Amino acid sequence: MSSSASPRILNVDKIRKDFPILETSKNGKRLVYLDSAASSQRPDSVLEAMDDYYHTTHANVHRGVYSIAENATALYEKARVKAGKLINAPKPSKEIVFTKNATEAINLVAKTWGLVNLGESDVILTTKMEHHANLVPWLMLKEQTGCRISYLEIDSNGELILDDIESKFDGVKLLAITMASNVLGTIPPVKYLTEMAHKNGALVLADAAQFVPHRQCDVSDLDVDFLAFTGHKVMGPTGIGVLYGKEELLDAMPPFLGGGEMILDVTLEGFKTNEIPWKFEAGTPPIAEAVGLGAGIDYLTAIGYGAIGEHERGLLDYCSNSLKTTFGEKITLYGPKETTKRTGLISFSFETVHPHDVAQILDDHNICVRAGHHCAKPLMYRLGLSATTRVSFSIYNDTHDIDALIIGLVQVVEMLG
Amino acid sequence: MSGLEDLYREIILDHYRNPRNRGTLESPPAIRQEGFNPLCGDEVIVYLEKTDEGNNEPKLVVRIDGRGCSISQSSASLMAQSVNGSTVPEVRKLIKDFKSLMSIHETNLGGEPEDEASLDPVDTDKMGELAALQGVVKFPVRIKCATLSWNTLLQAMEELEI
């Protein structure tokens, strides 16, 4: 394979040096990490920021009057603003709630806004390509409130079918939609659908877990009402997620979990909730994780979404061409054909080899890929599959990783094809 | 190759490519039991019924449907081959032996063995082709693939009240 196809937008060799795990090897084979859609790796700067916080600053936030407690609080709140600015939230210090992950962020909306606002005559509109995180909370809400759930269909390219879209909004109170499919990479027209939803009196929750790592996300422009993403996919640590919500909506919502931090006053008879965003952050929050997330966001924004997107599209083209050239009709690739319509991942399947076996043999080459249903079983049913193999790219991947993948896959087909 | 050949032995690949006792049984009277591996989406469907042997021990008839990886499907095929035509006590012994073969690593992973007896060493010479699945224990994640059809069989036996 010619290396002239190698994208030159990013200095990947230099970037890789920032990620200690990428320097590791197994049986003399370097680590080829192609599973960033499940969780990205994190650069030294994130680890150092968290270490530094614990070494010099740690104390509980919003409580102590001593210096290190004030410093911890300042760092925590600074991270909130960084997370907000990343997605262009109009009021980052109020509209960003830290959660455990994107899943918890979506559950928060379901269990507060959803429980108060939805009843038997209401509909939640979603799609057939959602991650379970943006489906099961609504199915649970359906059990609790009797509301209905309807689904936007996808076509054979994995794109939403938007024919007669207006009629799909009958009775809809909430559109809960992914901004990028974790299986197909599809980027649905969320801005257009948000306009449509608002015109029909519905709110919009966007699951941006797979979008924020790859593309500039602008909640002011999209005008979505809620948006969720997770820290560990944007170079940050695990254990922290982000919920964005419009101020007036967050203000009106009941609290989520009860405990310290989320109250202004407590008596033996009752309690008065704190202001947003702390109203939704009961108990000691993930302080070091917020600091790490802030450092991860700094790293990502220093590289810039323009370069990230271009780099990933280069890898997408290179990878899909390599797969098709090498395996021809033996392989099926899923998702939109045009790389501009998708994020940096490819799901594929071989007719004769199960994804679990693909991943097993690739592991022998120290290549990490995801095999399975990707927490999107309804989509798998829709595609008539039980599983796919998925490779996903980040800033530290290059064409050498894809060349290694192809060599590994050739052995897979030799052994089991 | 770090054990890959040990995992993908010829017998396993043969059962994956040419599964034995594949098909369905009319249900009822047969029990139809589904088993899923939520981790990877493997699916095994076990059809089970018992024959009427008069005063003698009834024998089990099993058919396998479903789809999944080479380990889950070959294990199902190997299981069906061993179970078909065997009596209930014979099958119970087989399940116990197979679980012992697999539980070695489950215990190391911190899982609880089902009972003390399951830690008894197994005479793999007497297990025939089933012993080919021994290589799976080197790949702890795949043990669930190998045991899927066996756990589904156990559920089917419970349903059949045997």
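Within every chain, residues take consecutive numbers counted from 1 along the sequence as written. Written order determines the labels here, with chains lettered from A and ligands numbered from 1. Given that the model is predicted, a residue must reach a pLDDT of at least 70 before its local features are reported, and side-chain atom pairs must reach 80 or more before they are shown or counted; all residues, however, enter totals for whole chains, interfaces and linings. Excluding hydrogens and water, the side-chain figures rest on all heavy atoms present in the structure.

*Asks:* Any details on the packing of helix α12 (residues 355-364) of chain A against helix α14 (residues 399-416) of chain A? Residues and values, ideally.
*Replies:* Residues and elements named next belong to chain A. Direction vectors running N to C along α12 and α14 enclose 120°, while the axes themselves pass 9 Å from each other. The angle between the axes of α12 and α14 places the two elements in the oblique class. Our pair here, α12 against α14, has a crossing hand that is right-handed. Across the interface between the two elements, D357, V358, I361 and L362 from α12 touch L405, G408, L409, Q411, V412, M415 and L416 from α14. Lines are fitted to the C-alpha atoms to define the axes, a helix being fitted only along its stretch in contact, and any angle between axes, read from their N-to-C directions, falls within 0 to 180 degrees. Numbered from the N terminus, helices here are DSSP runs of H or I no shorter than four residues, and strands are runs of E no shorter than two. For classification purposes, an angle smaller than 35 degrees is called roughly parallel, one larger than 145 roughly antiparallel, one from 65 to 115 roughly perpendicular, and anything else oblique. The crossing is said to be left-handed when, going from far helix to near helix, the turn is anticlockwise and less than a right angle, and right-handed when the turn is clockwise. The contact definition used throughout considers only heavy atoms, calling two residues in contact when any of these lie within 4.5 Å.

*Asks:* Tell me about the packing of aromatic side chains, and name the residues and values.
*Replies:* Residue and element names in this part refer to chain A. Aromatic rings from Phe, Tyr and Trp, taking only the six-membered ring of Trp, are treated as a pair when their centres fall within 6.5 Å; an angle between ring planes under 30 degrees marks them as stacked, one over 60 as edge-to-face, and anything in between as tilted. Enumeration over the complete set of coordinates arrives at 8 aromatic pairs over all chains. Plain terms: the ring middles of Y76 and F98 are 5.4 Å apart, the flat faces sit at 55° to each other, and that makes the pair tilted. With Y76 in helix α3 (residues 67-86) and F98 in strand β4 (residues 96-99), this pair connects stretches of sequence that are 22 residues apart. In this structure Y76 comes out as buried when scored by relative accessible area, which is 0%. Exposed residues in this analysis have more than 50% of their type's maximum accessible area, buried residues have under 20%, and partly exposed residues fall in between, with area computed by a 1.4 Å probe over protein chains only. Exposure remark for F98: the relative accessible area of 4% places this residue in the buried category.

*Asks:* Quick one: what's the story with the environment of S394(A), residue by residue and with numbers?
*Replies:* All names here are of chain A. In this fold, S394 is placed in the loop between β17 (388-392) and α14. Given the relative accessible area of 7%, S394 is considered buried. For S394 and Y33, which are 361 residues apart along the polypeptide, the C-alpha to C-alpha distance reads 9.1 Å. For S394, the residues in contact, after removing those within four places along its chain, are S36, M235, H311, E312 and L315.

*Asks:* How would you summarise empty space enclosed by the protein if you had to cite specific residues and measurements?
*Replies:* Whether a set of points on the 1 Å grid over the protein atoms alone is a cavity depends on a 1.4 Å probe fitting there but being unable to get out, while an open set qualifies as a pocket with protein on both sides within 12 Å along at least five of seven lines; lining residues are those with an atom within 4 Å of a point. Grid points are joined across faces, edges and corners, and a volume is the space filled by probe spheres set on the points. Inspection of the entire model under this criterion finds 2 cavities of 30 Å³ or more. Empty space within the largest cavity amounts to approximately 90 Å³. P213(A), H214(A), K233(A), F393(A) and S394(A) are, among the 15 residues lining the largest cavity, the residues nearest its centre. Domain delimitation follows an automatic or database domain assignment. Residue contributions to the lining of the largest cavity reach at least three from each of two domains, namely domain 1 (3-42 + 305-416) and domain 2 (47-302) of chain A. The computed volume of the second largest cavity comes to approximately 70 Å³. Every residue along the wall of the second largest cavity is listed here: K377(A), M380(A), Y381(A), L385(A), S386(A), F36(B), G41(B), E43(B) and R67(B).

*Asks:* If you had to explain the pairing of strand β11 (residues 263-266) of chain A to someone new, which residues and values would you point to?
*Replies:* Residue and element names in this part refer to chain A. Taken together, the 3 bridges between β11 and strand β12 (residues 271-273) define a ladder with antiparallel strand orientation. Paired with D265 across the bridge in β12 is K272. Strands pair, by our definition, only if DSSP identifies at least two bridges between them. Count of turn residues in the β11/β12 antiparallel hairpin: 4 residues.

*Asks:* Pulling in residues and values, what's your account of the pattern of salt bridges?
*Replies:* Residue and element names in this part refer to chain A. Should a side-chain nitrogen of Lys or Arg be within 4 Å of a carboxyl oxygen of Asp or Glu, the pair is scored as a salt bridge. Counted according to the given criterion, the structure contains 26 salt bridges over all chains. Taking the shortest distance from any N to any O, the salt bridge between D401 and R16 comes out at 3.6 Å. Here the residue D401 occupies a position in helix α14, and R16 occupies one in helix α1 (residues 12-16), the gap between them amounting to 385 residues. Here the two residues D401 and R16 agree in accessibility, since each one is buried. We note a salt bridge from E153 to R382, for which the minimum N-O separation is 2.6 Å. With E153 in the loop between β6 (148-152) and β7 (172-178) and R382 in helix α13 (residues 377-383), the pair connects residues that are 229 residues apart, well separated along the chain.

*Asks:* Any chance you could break down the side chain of T112(A) for me, citing the residues and the numbers?
*Replies:* Of note, T112(A) is situated in helix α5 (residues 102-117). Filtering out sequence-adjacent residues up to four positions away, T112(A) remains in contact with M253(A), P254(A), P255(A) and F256(A).

*Asks:* Would you mind going over the interface of chain B and chain A in detail, with residue names and values included?
*Replies:* Of the residues lining the interface, 23 residues belong to chain B; the matching set on chain A comes to 20 residues. In this description, buried area is defined as the sum, over both parts, of the accessible area (probe of 1.4 Å) that is lost when the two are combined. Carbon and sulfur atoms make up 49% of the surface buried where chain B meets chain A, a total of about 1,700 Å² over both sides. Across the chain B-chain A interface, the total number found is 1 salt bridge. For the purposes of these results, a polar contact is taken to be a pair of N or O atoms within 3.5 Å, where, inside protein, one atom must be able to donate a hydrogen and its partner to accept one; residues adjacent in sequence count only when each atom of the pair is a side-chain atom. Taken together, the connections running from chain B to chain A amount to 8 residue pairs in polar contact (both at pLDDT 80 or more). Only α1 (4-7), α2 (10-17), α3 (70-83) and α5 (140-159) of chain B provide two or more residues apiece to the side of chain B that touches chain A. Looking at the side of chain B that touches chain A residue by residue, the classes come out as 15 nonpolar, 4 polar and 4 charged. Amino acids are sorted into nonpolar (Ala, Val, Leu, Ile, Met, Phe, Trp, Tyr, Cys and Pro), charged (Asp, Glu, Lys and Arg) and polar (every other residue, Gly among them).

*Asks:* If you had to explain the nonpolar core to someone new, which residues and values would you point to?
*Replies:* Residues belong to one nonpolar core when they are buried, are Ala, Val, Leu, Ile, Met, Phe, Trp, Tyr or Cys, and are joined through side-chain atoms within 4.5 Å. Counting 75 residues, the largest nonpolar core has I87(A), F98(A), M179(A), V212(A), L227(A), F229(A) and I395(A) as its most contacted members. Sorting elements by how many residues they give to this core places helix α10 (residues 287-303) of chain A first, with 9 residues. Counting only domains with at least three residues in this core, you end up with domain 1 (3-42 + 305-416) and domain 2 (47-302) of chain A. Grouped together as the second largest cluster of nonpolar side chains are 73 residues, L323(A), A371(A), L60(B) and A80(B) included.

*Asks:* Can you tell me about a nonpolar patch on the surface, naming the residues and giving the values?
*Replies:* All names here are of chain A. Where nonpolar side chains cluster on the molecular surface, the patch consists of V136, L139, M140 and Y151 and spans about 300 Å² of accessible area. Looking at which element gives the most residues to the nonpolar patch, the answer is helix α6 (residues 136-145), with 3 residues. Mapping Y151 onto the fold places it in strand β6. The exposure class assigned to Y151 is partly exposed, which follows from its relative accessible area of 33%. Patch construction takes residues with relative accessible area above 30% that form no salt bridge. Like charges are linked within 9 Å, and nonpolar side chains (Val, Leu, Ile, Met, Phe, Trp, Tyr) are linked within 5 Å. Using a 1.4 Å probe, the Shrake-Rupley method yields the accessible areas, and only the shown protein chains count as cover for residues.

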